[in-house]
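Letter by letter, the chains look like this.
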Amino acid sequence: MQSLRKMLITVAVLGAGAGVGSALFVIVTPRGQRKQEMLKEMPLQDPLSRDEVARTKQLVMDVLQEAATTQENVAWRKNWIVGGEGGKGGKSA
């Protein structure tokens, strides 16, 4: 009988904790209008920033693909946008 009582108290305490946590979550989370305002304030929401990030990612992928297919050490390339003979010392004469 004592163990049943202890188990019921434990379940009640855990349930109360979950209830308080859920109530706090509902109180703290923004709704509707405020949520839309927060989303507008986030970085990379405007099309220009998204395009810039997409272009940067594409340039990185292009360099990685080129590096995988060549024997050149592209890490030492001075101009990453244009392929070709780059290197630590520059072009040799």
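None of these values were measured; they are calculated from a predicted model.

(A) Examining the overall build of the protein chain more closely. Of regular secondary structure, the protein chain possesses 3 helices and 0 strands. When the helices and strands of the protein chain are placed in sequence order, the string is α-α-α. In the protein chain, buried positions account for 4% of the 93 residues. Of the roughly 8,400 Å² of accessible surface on the protein chain, 64% is carried by carbon and sulfur atoms.

(B) View of the environment of proline 30. Position of proline 30 among the secondary structure elements: in the loop between helix 1 (2-28) and helix 2 (32-41). Relative accessible area serves as the criterion here: at 36%, proline 30 is assigned to the partly exposed category. Setting aside residues up to four positions removed in sequence, proline 30 forms contacts with Lys35 and Met38.

(C) Summary view of the confidence of the model for the protein chain. Taken over all residues, the pLDDT of the protein chain has a mean of 80, while the share at 70 or more is 84%. Of all secondary-structure elements in the protein chain, the lowest mean pLDDT belongs to helix 2, at 78, while helix 1 reaches the highest, 93. Contacts of residues 86-93 to residues separated by more than four positions or lying in other chains number 8 contacts, the stretch itself having pLDDT below 50.

(D) Quick peek at a nonpolar patch on the surface. A cluster of nonpolar side chains, contributed by Met1, Leu4, Met7, Leu8 and Val11, occupies part of the molecular surface with about 580 Å² of accessible area. Inspection of the secondary structure assignment puts leucine 4 in helix 1. Judged by its relative accessible area of 42%, leucine 4 is partly exposed.

Parameters and conventions
Residues numbered from 1 in each chain as written. Predicted model: local features only at pLDDT ≥ 70, side-chain atom pairs only at ≥ 80, totals over all residues. Heavy atoms only, no water. Helix = DSSP H or I, 4+ residues; strand = E, 2+ residues; numbered from the N terminus. Buried < 20%, exposed > 50% of the residue type's maximum accessible area, 1.4 Å probe, protein only. Areas by Shrake-Rupley, 256 points an atom, 1.4 Å probe, with all protein chains shown as cover. Contact = heavy atoms within 4.5 Å. pLDDT = per-residue confidence, 0-100. Patch = residues over 30% accessible without salt bridge, like charges linked within 9 Å, V, L, I, M, F, W, Y side chains within 5 Å. Salt bridge = Lys/Arg side-chain N within 4 Å of Asp/Glu carboxyl O.

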